[in-house]
Structures are given as structure tokens and as C-alpha cells.
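# Examining the three-dimensional arrangement
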Amino acid sequence: MIDINALRENPEPFRASQRARQADESIIDSIIAADSTRRSALNRFESLRAEQNAFGKKVAAAKGEEKQSLLTDVKELAGAVKSAQAEAEEAKTEQDRLVRQVANLIEPGVPSGGEDDFEVLRHVGEPRDFNTEGFEPKDHLELGELTNGIDMERGAKVSGARFYFLKGMVARLEIALLRLAMDEAISHGFTPMITPTLVRPETMAGTGFLGEHSDEIYHLEEDDLYLVGTSEVALAGYHGDEILDMSSGPVRYAGWSSCYRREAGSHGKDTRGIIRVHQFNKVEMFSYVRVEDADAEHQRMLAWEEEMLAKVELSYRVIHTAAGDLGTSAARKYDCEAWVPTQNAYRELTSTSNCTTFQARRLNIRERTPGAEGAAGKGTRPVATLNGTMATTRWLVALLETHQQPDGSVRVPAALQPYMGSVDVIPVA
């Protein structure tokens, strides 16, 4: 969640962040009012409790009628103490409710606006020009069917719309892609993790996914568990309620998991193929870092994503996501979008987000401040968390279309061939 102390001291950046996100900025004033009420009630409670403690000593020393009179006063004071405590707790509950509705404070320089207001930072590589090669490119689903590698019909028969089977060489291509992604992550200091895909409500809420986009999440009501849409959720919860040792630098994990999204509100969008589906696989980078190191780690994550895209020989652009499209937890986000020839458009393949201390505050993940000693929680502060995509099933869309050949076969990029037994072409079935 946001830092209430920072908001109290200087609310204007939080108002500006809300405006940039196209969100309600009046909630900041509501939080300030609730905070004032809470602090006032708490001061009254503590004052009355101190008075109550002092009365206790007087009662112990008094005798006879004086003692009876004091006992009557003590009873009245106890009621006042209880009332003030209830008021303080109620004010805190209201303040917490309001604070949890506010998205993370955006970083300086993040573009204002919504989904279409992103800033293009750079283009990398030239999209393949099929006109000069003399043939019309096929889309990824036709290529998947020609190579007997994607079966949407039986996916729908077994599970419903937006499900699929990957088969044969296309299934091997996805496994190769994810293995390369994991090896790349390991080479950059990430510990490989196979993560749970079901998490508790407090973990899902702690990462900020039960806010405005909660309708995207599958919920198993009988068990009160949620299916994750990214291993970021499980990796963020991994160190919940812990104090991390950051003396050796960032703590990095690479999660390999299946992911699930309801795709609520996407009726009619990307219904063909595997661009927008309910289940997919993903390798996700996740870092815990000191606040001062978060920006540098974010740039490193983006660079590692771009290295991965270069290895599989895709043309792409990097965009700086606008504030209104960041999601609840992110303070800044960069997307890499690969060129999809048959759509004549760039489509998102990776995202990397700096969540600053937002998730760590919710999940109570801290580090010991330098030189601090003593009881748990003393001399500690929240860490920053960051996440970034190394590869997902969606990459197959750009891979198949970009590397197709006139007969419908698909060239396998050199970096993936060692993971496919040196296969260099996926043939037509």
C-alpha cells in the first residue's frame, strides 16, 4: 500500500498520481481526514488510559467512602476509555479501507493517461517484409494447424472457448522457449522456482490483484483460493512477514508456472488463436531490492527481456506505459511489443514493473536498516519489489509468424535449436 506518513507530510504528489492515472484524487483528502480522526481518537484514548492508570493508584491508596467514590469514577472512566478505543479502531479501519483503494504512487516521468497514451521509447529490428519475398504470410493459427501443432477445436471441446492443445513440434518449441528463458534468468543470478498456482486471499490481495482487475481472476470459492495470473503473486508472497538480508544485493527468483486469466470483458477480442487465452505458461523474473536500487534493477530487467527477444530473432518496440494502464501495484512499467506480421501491429510479449514498496508494505516484507539491531521490526524498512516477463506462450504467435517459410513450415531460431535436439525447421505435417 502507499506510505501514509509520506502522504500526510506531502499529499500533492499522491493527488498528481491519481490525476495521471485518471483516478479519483478526492480520495486523498478523504484519507487525510480519516487519518486526522484516527490520530485524534488515539490521542484521546491514550490520555484517558493514562488517567485511568493514575486513578488505579489512587483507589489502591484510598479507604472507606473516598474509595467507593473513586471506584464510581473509575467505572465511568473505563467506559470512556473503551469508547475512545473503539472510535480509534473504527477510524483506523476506515483509513485502511481508503488507503487500500489507492494505487501505487507513480514514478516521475510516467506518461499521464490511459491505455493508448504510452510513449514509444525505441524500435529494435526491422519487421520482416513479406512483399519482397513474394508470398503472403499465414497467421500463427494456420501455421499451427499446418504443422499439426495447435488444436483449438479440441481445446474448446475439452475445456471451452479460449483453450487449446499444443502438440508435437510446436509444444517442443514452447518448452524450448521456456527453458531458454529460465537459463537466461539463471545466468543473471535468479534462483529457479516452480511455484504454486493456487494462493490464499491475503497473498493475492497483498500483490494488488484484488482491486480494479479482480474480475480477471479465477476464484475457487469452496477452498477460498485464487488461481494466479502470474507467478509474481506466489513469489511476492514467498517472503511475506519476513526480514530479508539485503547485504549481498538483490534477492532474485525466476518462477516457472502455468497462469490463468478469465479474460473478462474481452468478448470479441483476439478470439482467433492463442493470443488471448485462459491458460498459458510463463517464466517470470521477480526481485526484492533496496529502495535505492529499484530503478537500476528495473533497467536491468528490461535489458534482460530485450536480450531474450534478440536471441529468438524478433523485431519489437519498447513502450513506457501510461499511468492509467499501470495496474494497481506498478509505479512504472515498460512493455516490449513484438511485430506480428499478419496483424500489421506490435503486440505485447513482455512487461517489467517497478512496484517500489507497495507490495512489500501489504505483505510486511522488510530489510534491516544498516547498523540496526534489537527486536524484530525495530530498525527495519520495506523493500522494493520488481517483476518482469522472460517468456510466455504468447511468444509463439510472433515466433511462428516471423519465422515462417512459404510452404508453411517454420524456421527455428538458432538459440532455440539446442533445446529441440538440433531441429532447425518445424515441418508441415
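The structure we're discussing is the one just above.
Okay, so let's go over this structure.

Moving on to the pairing of strand E9 (residues 251-260). Burial within E9 is extensive, with eight of its ten residues counted as buried. For strand E4 (residues 191-194) and E9, the ladder comprises four bridges, and the chain directions are parallel. By the bridge assignment for E9, threonine 191 is matched with tyrosine 253. With ten bridges connecting them, E9 and strand E10 (residues 279-289) associate as antiparallel partners. Across the sheet, tyrosine 260 pairs through a bridge with glutamine 279, a residue of E10.

A few words on unusual backbone geometry. The phi dihedral of arginine 162 falls on the positive side, at around 70°, and the residue is not glycine. Relative to the assigned elements, arginine 162 resides in the loop between helix H7 (152-159) and strand E3 (165-166). What makes arginine 162 buried here is its relative accessible area of 15%. Unusually for a residue other than glycine, aspartate 270 sits at a positive phi of about 50°. With respect to the element layout, aspartate 270 can be found in the loop between E9 and E10.

What follows deals with helix H11 (residues 294-311). Taking 1.5 Å of rise per residue, 18 residues should cover 26 Å, and H11 covers 26 Å from first to last C-alpha, within 8% of that figure. Burial in H11 covers these residues: Ala294, Glu297, His298, Met301, Leu302, Trp304, Glu305, Glu306, Met308 and Leu309. Phi for glutamate 313, located one or two positions after H11, is positive at around 60°.

To continue, consider the side chain of threonine 393. On the secondary structure map, threonine 393 appears in the loop between strand E16 (384-392) and helix H13 (395-402). A relative accessible area of 1% places threonine 393 in the buried class. Here glutamate 174 takes part through its side chain, which lies 2.3 Å from a polar atom of the side chain of threonine 393. Once residues within four sequence positions are removed from consideration, threonine 393 is found in contact with Tyr164, Leu166, Glu174, Ile274, Phe280 and Asn281.

With that settled, consider the packing of aromatic side chains. Applying the stated rule across the entire model yields six aromatic pairs. Each ring, one from tyrosine 253 and one from tyrosine 288, has its centre 6.3 Å from the other, and the planes form 85°; the classification is edge-to-face. With a gap of 35 residues between them, tyrosine 253 in strand E9 and tyrosine 288 in strand E10 connect regions that are remote in the sequence. Comparing tyrosine 253 with tyrosine 288 shows no difference in burial state: the two are buried. Judged by centre distance (5.1 Å) and plane angle (70°), the rings of phenylalanine 286 and tyrosine 288 are edge-to-face. Exposure class is identical for phenylalanine 286 and tyrosine 288. Each is buried. By the ring-pair criterion, three or more aromatic residues cluster together here, those being Tyr238, Tyr253, Phe286 and Tyr288.

Where strands meet in a sheet, backbone hydrogen bonds hold them as pairs that are either parallel or antiparallel. The three strands are arranged E5-E7-E6 in an open sheet whose pairing can be described as antiparallel. Bordering the open sheet on either side are strand E5 (198-199) and strand E6 (219-220), each of which pairs with just one other strand.

Let us now look at the environment of tyrosine 164. With respect to the element layout, tyrosine 164 can be found in the loop between H7 and E3. Looking at tyrosine 164, the relative accessible area reads 17%, which means it is buried. In this structure the C-alpha to C-alpha distance between tyrosine 164 and isoleucine 150, which are 14 residues apart in sequence, comes to 7.0 Å. Within the structure, tyrosine 164 has its side chain in polar contact with the backbone oxygen of glutamine 279 (distance 2.8 Å).

Right, let's talk about the nonpolar core for a bit. With 58 residues, the main nonpolar core has Trp395 and Leu416 as its most contacted residues. Broken down by element, this core gets its largest block of residues, eleven residues, from helix H8 (residues 168-187). Look past the residues within four positions of tryptophan 395 in its chain and what remains in contact with it is Leu177, Met308, Leu309, Val312, Leu349, Thr350 and Met390. Leu235, Tyr288, Leu363 and Ile365 belong to the second largest nonpolar core, which has 13 residues in total.

Residue aspartate 151 occupies the N-cap position of H7, its side-chain oxygen lying 3.3 Å from the main-chain nitrogen of glutamate 153. Of the residues one or two after H7, glycine 160 is the one with positive phi, at around 110°.

Here is what the cut-offs are and how they apply
Residues numbered from 1 in each chain as written. Predicted model: local features only at pLDDT ≥ 70, side-chain atom pairs only at ≥ 80, totals over all residues. Heavy atoms only, no water. Buried < 20%, exposed > 50% of the residue type's maximum accessible area, 1.4 Å probe, protein only. Helix = DSSP H or I, 4+ residues; strand = E, 2+ residues; numbered from the N terminus. Pairing = 2+ DSSP bridges. Expected span 1.5 Å × (residues − 1). Polar contact = N/O pair within 3.5 Å; in protein donor to acceptor, adjacent residues only side chain to side chain. Contact = heavy atoms within 4.5 Å. Phe/Tyr/Trp six-rings, centres within 6.5 Å; stacked < 30°, edge-to-face > 60°. Core = buried A, V, L, I, M, F, W, Y, C linked by side-chain atoms within 4.5 Å.

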